[in-house]
Amino acid sequence: MRLQVARPSNHAAIASLPFVEPLRQWSIPGIHRALGVHRHVVKIVELGDITYVVKELPDDLALREYRLLRQLAEDGLPTAEVVAVASERTENRQPLDGILVTRHLDYSLPYRNLLAGRGLTIPFLGDRMLDALVGLLVRLHLAGFYWGDCSLSNALFRRDAGALSAYAIDMETGERHEQLTDGQRNLDLMIATENVAGGLLDLQTGGRLHASIDPFTVAGDIQRRYDNLWNELTGADTLEVSDVHSIENRLARLHDLGFDVEEMEIVTIDRGHHMRIVPRVVEHGFSADRLLHLTGLVAEENQARRMLNDIRTYAAELQQQSGNHMPENVAAVRWLDQRFEPIMSSIPLHKFDRLQAAEIFHQILEHRWYMAEERESEVTIEEAVEAYLLDILSTAPNERLQLDDTAEIEAIELDPDALETLDDVPDPLG
């Protein structure tokens, strides 16, 4: 057997796993059946304070996915952290499939939980999930990654200040290129549309899809959403030479989408009366990077934007009290020390199994706003925290780690031989 471990100092316990045995036969403490439908055998393993996802698949696919997931992480793209790959395994001199180990993505929500109505109670959930998946696909394409099997099953979702963020967790069919052609992007989009429609129809057939979500409407809208985002990020604008305000607006729109611009190409045309601007977009995470730089806090993009706005509001309050201008970095330190940390310390530790700290903070601000609207008067942050703990967080489900619950979701490990029967299933898009 050959075992490769990424960052072994962070995952020393991985070497203790029984890689010499078929995954179906593992009977170690802390092992659970994974949620959802899988082509391969997939298990959840808790080792100390860290939870891992263990998947069994042929050596070539395991090694390929290990390499691609590492490349995705190095490029700062949203994916599960790859930990180890075991290959060249045998049992009684008979070859066994390889094993891929990734770190479980804490607070992640499978699409089956979300669309059945048990996960989030926000409106237009189908739209927000689709926006997250399309955003992920665009980010992969900008970085030169062809997914090849984009689907709801191959992604996980995290709450992000009322929206969702998507993470790629399965890259068996992925490919890395210097730059994708339009044909490669369109093929990936076609596959995504068919897979999303099939996944939603599967939920609908099983009576697990929220009644407000139509599979064909949702899947059929992928192309439009993708084109809108792709054009916003990469499209060229033709402006009057003196129209600096429009350039600023274009940059602001990109920042609102979470992207920063490393370089902008400006070419004068029409005898110098107009200019053509083409932004060179760099990696997503503009607000998250800014928050990390100012406070050291890690958050999703929308969560970070909400927290940065609160830092600015807090700075304005301090400035009004003192009459002195306060630099953003000084305001951020005071906000962290006098606002964020006191709020977090007032929440029982075990409650953080339910939601991420950044999401809790966002929801407290939301709850404060709703309380103020209802009372038609100001609500202190202390009042909002107390009410939120009682009204919202006390009944919220544990989202840090969701294990198999056969009463709610049937976990299926498909026999590879049985996959041949899937060829008989009609194409959901005709």
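> I'm lost on the packing of aromatic side chains in this one. Help?
For any pair of aromatic rings, the description consists of the separation of the ring centres together with the inter-plane angle of the planes. Throughout the structure, instances matching the rule amount to six aromatic pairs. Considering the side-chain rings of Phe19 and Trp26, the 5.9 Å spacing of their centres and the 80 degrees angle between planes classify their relative orientation as edge-to-face. Relative accessible area serves as the criterion here: at 3%, Phe19 is assigned to the buried category. Ring centres of Trp335 and Phe361 lie 5.5 Å apart, and the angle between their planes is 80 degrees; this geometry places the pair in the edge-to-face category. With Trp335 in helix α10 (residues 328-345) and Phe361 in helix α11 (residues 357-375), this residue pair connects regions lying 26 residues apart in the sequence. Owing to a relative accessible area of 0%, Phe361 belongs among the buried residues under this scheme. Members of the aromatic cluster, connected to one another through ring pairs, are Trp335, Phe340 and Phe361. Sitting over the face of the ring of Trp230, Arg185 holds its NZ or CZ atom 4.0 Å from the ring centroid.

> So what exactly am I meant to see when it comes to the confidence of the model for the protein chain here?
Predicted coordinates in regions of low pLDDT should not be interpreted in detail. The predicted model of the protein chain averages 83 in pLDDT, with 83% of residues at 70 or higher. The spread of mean pLDDT over the elements of the protein chain runs between strand β17 (residues 412-413), the lowest at 40, and strand β9 (residues 98-103), the highest at 96. Here residues 405-430 scores under 50 on pLDDT; set against residues more than four positions off or in separate chains, the count is 41 contacts.

> Is there a simple way to think about the sheet that holds β9 in this case?
Each strand in a sheet pairs with another by means of backbone hydrogen bonds, the pair being arranged parallel or else antiparallel. Pairing is antiparallel across the open sheet formed by six strands, whose spatial order is β1-β6-β9-β5-β4-β2. One side of each edge strand has no neighbouring strand; the edge strands of this open sheet are β1 (2-5) and β2 (31-33). The mean inter-strand angle of the sheet, taken between neighbouring strand axes irrespective of direction, is 20 degrees. Helix-sheet contacts for helix α1 (residues 59-74) involve β1, β5 (50-57), β6 (82-87) and β9, and the interaxial angle to β6 is about 160 degrees.

> For this particular structure, what's the right way to read the pattern of salt bridges?
Oppositely charged side chains are able to pair whenever their charged atoms sit close together. Applying the stated rule across the entire model yields 19 salt bridges. With a closest N to O distance of 3.8 Å, Asp106 and Arg400 form a salt bridge. Of this pair, Asp106 sits in the loop between β9 and α2 (111-115) while Arg400 sits in the loop between α12 (381-391) and β17, and the two are 294 residues apart along the sequence. Residue classification places Asp106 among the partly exposed residues on the basis of a relative accessible area of 22%. According to the relative accessible area criterion, Arg400 is partly exposed, its value standing at 21%. Between Asp202 and Arg112 there is a salt bridge; the shortest N-O distance is 2.7 Å. One end of the pair, Asp202, is in helix α4 (residues 182-205); the other, Arg112, is in helix α2, and 90 residues separate them in sequence.

> What's the story with the pairing of strand β4 (residues 42-47) in this structure? I'm lost.
On any regular strand, side chains alternate: one points to one face of the sheet, the next to the other face. In terms of burial, β4 is a largely internal element, five of the six residues being buried. Pairing geometry for β2 and β4, over three bridges, is antiparallel. Along β4, the bridge assignment pairs Arg33 with Lys43. A loop of two residues connects β4 with β5, the two strands running antiparallel in sequence, and Gly48 in this loop sits at a positive phi of about 65 degrees.

> Whenever I open this one, helix α9 (residues 301-322) confuses me. Can you help?
Since one α-helical turn is 3.6 residues long, residues separated by three or four positions face the same way. Here α9 contains 22 residues, and its C-alpha end-to-end distance of 31 Å stays within 8% of the 32 Å for a straight helix at 1.5 Å per residue. Within the sequence span of α9, burial applies to Glu301, Gln303, Ala304, Met307, Leu308, Asp310, Ile311, Tyr314, Ala315 and Leu318. Following α9 by one or two positions, Gly323 has its phi on the positive side, about 80 degrees.

> Is there a simple way to explain a nonpolar patch on the surface in this structure?
Among the surface-exposed residues, Met1, Leu3 and Val20 lie close enough to one another that they form a single nonpolar patch of about 270 Å² accessible area. With respect to the helices and strands, Met1 occurs in the segment before β1.

> How should I be thinking about the environment of Asp214 in this particular structure?
Locating Asp214 in the fold gives a position in the loop between α4 and α5 (215-220). The spacing of Asp214 and Ala197 is 17 residues in sequence and 9.3 Å in space, taken between C-alpha atoms.

> Quick question: what am I supposed to make of the environment of Ile50 here?
Within the secondary structure, Ile50 sits in strand β5. Sequence separation between Ile50 and Asp106 is 56 residues; the distance between their C-alpha atoms is 9.5 Å. Look past the residues within four positions of Ile50 in its chain and what remains in contact with it is Asn10, His11, Val45 and Arg103.

> Looking at this structure, I do not really get the packing of helix α8 (residues 286-295) against α9. What am I missing?
Helix packing geometry: the angle between the two helix axes and the distance between the axes. Packing of α8 against α9 leaves a shortest axis separation of 7 Å and a crossing angle of 50 degrees. As judged from the angle between their axes, α8 and α9 are oblique. Seen from above, α8 lies across α9 with left-handed handedness. Here Phe286, Ser287, Ala288, Arg290, Leu291, Leu294 and Thr295 of α8 lie close against α9, whose contacting residues are Glu301, Ala304, Arg305, Met307, Leu308 and Ile311. When the residues that make up the contact of α8 with α9 are grouped by side-chain class, the tally is eight nonpolar, two polar and three charged.

What counts, and where the lines are drawn
Residues numbered from 1 in each chain as written. Predicted model: local features only at pLDDT ≥ 70, side-chain atom pairs only at ≥ 80, totals over all residues. Heavy atoms only, no water. Phe/Tyr/Trp six-rings, centres within 6.5 Å; stacked < 30°, edge-to-face > 60°. Buried < 20%, exposed > 50% of the residue type's maximum accessible area, 1.4 Å probe, protein only. Helix = DSSP H or I, 4+ residues; strand = E, 2+ residues; numbered from the N terminus. Lys NZ or Arg CZ within 6 Å of the ring centre and 35° of its normal. pLDDT = per-residue confidence, 0-100. Contact = heavy atoms within 4.5 Å. Pairing = 2+ DSSP bridges. Axes fitted to C-alpha atoms, helices over the stretch in contact; angles between N-to-C directions. Salt bridge = Lys/Arg side-chain N within 4 Å of Asp/Glu carboxyl O. Expected span 1.5 Å × (residues − 1). Patch = residues over 30% accessible without salt bridge, like charges linked within 9 Å, V, L, I, M, F, W, Y side chains within 5 Å. Areas by Shrake-Rupley, 256 points an atom, 1.4 Å probe, with all protein chains shown as cover. Parallel < 35°, antiparallel > 145°, perpendicular 65-115°, else oblique. Left-handed = near helix turned anticlockwise from the far one by under 90°. Nonpolar A, V, L, I, M, F, W, Y, C, P; charged D, E, K, R; others polar.

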